[in-house]
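Now for the letters of each chain:
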There are 2 protein chains.
Amino acid sequence: MTNKTMLTDEYQLTMMASYLDNNIDDKATFDMFIRGLPEDWGYFIANGIEDAIDYATSIKFSKDDIDFLRSQGKYSEDFLDFLRGFRFNGEIYSVKEGEIVFPNQPVLRVTGSRTEAQFLETAILNIINFQTMVASKANRVVNAAGESTVLDFGLRRAQGEDAGMEGARAAYIGGASGTSNVKAGKEYGIPTGGTQAHSYVMSFDDEADAFRAYAKTFPDRSVFLIDTYNTLEGAEKAAIVAKEMEKQGHRLVGVRLDSGDLEMLSKGVRDIFNSQGLGYVKIYASNDLNEYKIEDLVRNGAKIDAFGVGTEMITAKPVSAISGVYKLVEDTAGPKMKFSPGKESNPGKKQIYRISDEKGTFLYDVMALESEKIEGRSLLEKVVENGYRISQRRDLKEIREYALDSVSRLPDSLKQVRVADKYEVRKSEGLTSLIDELGEKYLQSLPFYSVVHPISINQ
Amino acid sequence: MTNKTMLTDEYQLTMMASYLDNNIDDKATFDMFIRGLPEDWGYFIANGIEDAIDYATSIKFSKDDIDFLRSQGKYSEDFLDFLRGFRFNGEIYSVKEGEIVFPNQPVLRVTGSRTEAQFLETAILNIINFQTMVASKANRVVNAAGESTVLDFGLRRAQGEDAGMEGARAAYIGGASGTSNVKAGKEYGIPTGGTQAHSYVMSFDDEADAFRAYAKTFPDRSVFLIDTYNTLEGAEKAAIVAKEMEKQGHRLVGVRLDSGDLEMLSKGVRDIFNSQGLGYVKIYASNDLNEYKIEDLVRNGAKIDAFGVGTEMITAKPVSAISGVYKLVEDTAGPKMKFSPGKESNPGKKQIYRISDEKGTFLYDVMALESEKIEGRSLLEKVVENGYRISQRRDLKEIREYALDSVSRLPDSLKQVRVADKYEVRKSEGLTSLIDELGEKYLQSLPFYSVVHPISINQ
């Protein structure tokens, strides 16, 4: 990971300068949470946590950075001196990478001096918003695919290199079985796969010759692209070459369809292979797929073993961005909360407890104040203490298994492509009382007309 | 830029291995072009060209990369040896960074050995698709804003760090006046700006005290956020503090609104300031803005001097990805084209000519074969020769000016938020004849039933 210290909104620096200038730097706690679920979604898979921890524990302005900031003529030398030694020295609690989370639950809870804790906002949101979105989106696609596997083919349409890399990783955590992205294979150890492009097939006068040439190079790893001219004719030719391969002791792995009516064509192709004793040849399909199209294909009995999903998974189209925010919940003056409609925040240092039945199925969560004792598994763990990481960065495969095991414990109603149900997140007695108390104080502080027509408070 | 050699789809490597294994490595030309405009869009601003050139001229597999590929057990030692010395040695023609382009026009034209030219596909698409999309989207937002300025506030919702960085750069090229992203300021020299967050205002018991504290630190650079409690009351308090600042010889730069009815509130706030001789205080507005909302605000006379635009500009929501593709157009066997409906490609090595009227307004383009002589300015220039960059990387401000000057030469009908008009792109006589000729050959090659119900060819 590149150093992201300068990857911040300018107001983080100007506010910091002003806090210091006004001798305000008391202890404060911020929650990172996601406001709401996109339409049709039932849950999030928290992701980007490990990167966010690495970021928070590696903040350091270089001499270059300071020189650049000085050149802007906005900051005092005192402040630039302060930045030179600026680190995050606080503590962070977080859910596990791969944990299922719901709206308004703290994903990260950051406590530190106000300047330090506030400063983390921008990069933490940049990291967690995207990775959580793609892991969650990929899981929707994987759920829709049922028994079939899902492969990430999104690199060429991802929003930059990081999006291609972190997107491949997030999709894998969300249940994709592999990626076409070679660099993601190298950096993260994700299984990589590929087939062939139409340009390869078109480089030969005869389609069957293209298949033969490819099988010569990859006798045990070939997936032929069969829709360059006519999918069913392509399947017949692939079957001929597969039979030739058998004679040499090899097996064709699969064929890929990339256009047309995938349901109808996959059934036709399956018949062609099955009728020739080639039942082992797998069928891959791609072409602007998403969870809705895949659900229809599966429901209609399309004979597709693996879906290659590009643009819509790695950009989470049409969602584009989830509503992760970072809000002050407590400072030395006490717990803080917002009251504006649709933008409520929950005050105080909190913990989330997850309640399961005897089979391990998640029943509901309780959001409580840290000081309360509640039954259930607590989701927030201390991962940074005095600015140092105290949790081990976990292995990618372990994170993926954890995420998929967690998904298996969710009620089925939340795993549909169009989710109507809502997971229950209760508030503890302590949290409820605190909210009531702060609400009353807030109402008393308002002029009369504001109580009748509540004004909004934005943070 | 990190080295992107491994940032590729696996099939680029497997196809390369197979081409070599089958002694196929003739000269080939590929076009990178964009299939179609997103709904309501009138044009693209080509962007990412400079990065794509840097990428193509810096390809090099490291020992680490080769070791990783060997560990996959898919490739022969001969092929891995070949990769060790693999470079792009061909030539590239491209439009200028910041050039206006239309669907199906070559943005890049790559000629080289088939393995070299094919290999560039994935990273070139990853680079150009995103940057072109955001530059074009930002320009739509800027057009909608009219006389008001547009600032990029998207970092926290961008799809990763690169998206935040390259997105800020693309938005600037597309006409945004600045960004909140400090790192983009440092790396690219883009003007940065920021205001304050609600958490800053809430850190003081009294809103006016928060403004005073900020003005103390930034007496000549303050923009107060005035909607934390009640926007109009916030404006009154900001006016009081602005008057105090005047007495000390300073001027409040502006105030920001971040919620509510921005049209109504901006008018109210403007009145408050104007009535107190504070006509110089600028009004900034933000809150999930996009070109459609901004157009409405401007049309209804909202008094907003600057729009801060986040999520929707930097992710180009709801578009998410444009349809940039990379297709074979010629090899040693001659010009190649595709015939499948909606996926046509234009054969041969081509040039684009732009025809303007005497005032410099763009009238129409002609897409022609390279061998033809056509009136008009040719858009494709040779930028890479024998694998070496022969064009200077241009300065960002120069690119931005070029892009905005080009936009000023477009007919107004293409610069609306909802574009119904279409820019005319003609095909030259030579190109038309070639397409006819290839079409005839293609029809003759088909079995009779296919001519009646044309089958599709996908590349």
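The sections below set out a description of the structure shown in this document. Remember, predicted model here, so these are calculated numbers, not experimental data.

Along chain A, the regular secondary structure elements total 17 helices and 19 strands. When the backbone C-alpha atoms are referred to their principal axes, chain A occupies close to 80 × 55 × 40 Å. Buried residues in chain A amount to 63% of all 459 residues. For chain A, the accessible surface area stands at approximately 17000 Å², while carbon and sulfur atoms represent 48% of it. The centroid of the 57 positive side-chain charges in chain A is displaced by 2 Å from the centroid of its 70 negative side-chain charges.

Time to look at the relation of the copies chain A and chain B. The transform that puts chain A on chain B rotates by 180 degrees and translates by 0.0 Å along the axis, for an RMSD of 0.0 Å. Taken together, the rotation and translation relating the two chain copies correspond to the operation of a two-fold axis. Mapped onto chain B, 100% of the interface residues of chain A are again interface residues, and the two copies thus contact each other with one and the same surface.

Residues and elements named next belong to chain B. With respect to the helices and strands, Asn139 occurs in helix α6 (residues 121–145). Classification of Asn139 by relative accessible area gives buried; the value is 1%. Spatially, the C-alpha atoms of Asn139 and Lys4 are 28 Å apart, while their sequence positions differ by 135 residues. In this view, Asn139 contacts Tyr43, Ile45, Gly174, Leu404 and Val407; residues no more than four positions away in its chain are not counted.

Tallied over the full model, the rule gives 30 aromatic pairs over all chains. A centroid spacing of 6.4 Å and a plane angle of 20 degrees characterise the contact between Phe79(A) and Phe82(A), whose relative ring orientation is stacked. Here the residue Phe79(A) and the residue Phe82(A) both occupy positions in helix α4 (residues 77–84), the gap between them amounting to three residues, near one helical turn. For Phe79(A), a relative accessible area of 5% translates into the label buried. An aromatic cluster of at least three residues, connected via ring pairs, comprises Tyr19(A), Phe61(A), Tyr75(A), Phe79(A), Phe82(A), Phe86(A), Phe119(A), Tyr200(B), Phe204(B), Tyr214(B) and Phe218(B). It is Arg251(B) that lies over the ring of Tyr280(B); its NZ or CZ is 3.8 Å from the centre. Directly above the aromatic system of Tyr172(B) lies the positively charged group of Arg400(B), at a separation of 4.4 Å from the ring centroid.

Further remarks concern the sheet that holds strand β16 (residues 377–378) of chain A. The four strands are arranged β16-β14-β15-β19 (chain A) in an open sheet whose pairing can be described as mixed. In the strand order of this sheet, the two ends are held by β16 and β19 (425–427) of chain A, each with one partner.

This brings us to the pairing of strand β10 (residues 282–285) of chain B. The side chains of a regular strand alternate, first on one face of the sheet and then on the other. Residues and elements named next belong to chain B. In this sheet, β10 lies alongside strand β9 (residues 254–257) in parallel orientation, the contact comprising four bridges. If you follow Val255 over to β10, its bridge partner there is Ile283. Crossover connection from β10 via helix α13 (residues 291–299) to parallel strand β11 (residues 306–309): handedness right-handed.

All right, on to the side chain of Asp365(A) then. Residues and elements named next belong to chain A. Along the polypeptide, Asp365 turns up in strand β15 (residues 362–369). Side chain to side chain, Asp365 and Arg354 meet in a polar contact 2.8 Å long. In contact with Asp365, other than residues within four places in its own chain, are Phe102, Gln105, Ile352, Tyr353, Arg354, Ile355, Tyr423, Glu424, Val425 and Arg426.

On to the interface of chain A and chain B. Chain A puts 101 residues into the contact, and the matching count from chain B is 101 residues. Summing both sides of the interface, chain A and chain B together bury roughly 8600 Å²; the carbon and sulfur share of this comes to 51%. For the interface between chain A and chain B, the tally reads 12 salt bridges. Between Arg156(A) and Asp9(B) there is a salt bridge, with its nearest N and O atoms 2.9 Å apart. In this structure, the connection of chain A to chain B is made through 70 residue pairs in polar contact (both at pLDDT 80 or more). Considering every element that reaches the side of chain A that touches chain B, the biggest residue donor is helix α1 (residues 10–21) of chain A, with 10 residues. Counted by class, the side of chain A that touches chain B contains 37 nonpolar, 40 polar and 24 charged residues.

Rules used in this analysis
- Residues numbered from 1 in each chain as written.
- Chains lettered and ligands numbered in written order.
- Predicted model: local features only at pLDDT ≥ 70, side-chain atom pairs only at ≥ 80, totals over all residues.
- Heavy atoms only, no water.
- Helix = DSSP H or I, 4+ residues; strand = E, 2+ residues; numbered from the N terminus.
- Buried < 20%, exposed > 50% of the residue type's maximum accessible area, 1.4 Å probe, protein only.
- Areas by Shrake-Rupley, 256 points an atom, 1.4 Å probe, with all protein chains shown as cover.
- Lys, Arg positive; Asp, Glu negative; His and termini not counted.
- Charge placed at Lys NZ, Arg CZ, Asp CG, Glu CD.
- Least-squares fit on C-alpha atoms with pLDDT ≥ 70 in both.
- Contact = heavy atoms within 4.5 Å.
- Phe/Tyr/Trp six-rings, centres within 6.5 Å; stacked < 30°, edge-to-face > 60°.
- Lys NZ or Arg CZ within 6 Å of the ring centre and 35° of its normal.
- Pairing = 2+ DSSP bridges.
- Right-handed = clockwise from strand over helix to strand, strands pointing away.
- Polar contact = N/O pair within 3.5 Å; in protein donor to acceptor, adjacent residues only side chain to side chain.
- Buried area = accessible area lost by both parts, 1.4 Å probe.
- Salt bridge = Lys/Arg side-chain N within 4 Å of Asp/Glu carboxyl O.
- Nonpolar A, V, L, I, M, F, W, Y, C, P; charged D, E, K, R; others polar.

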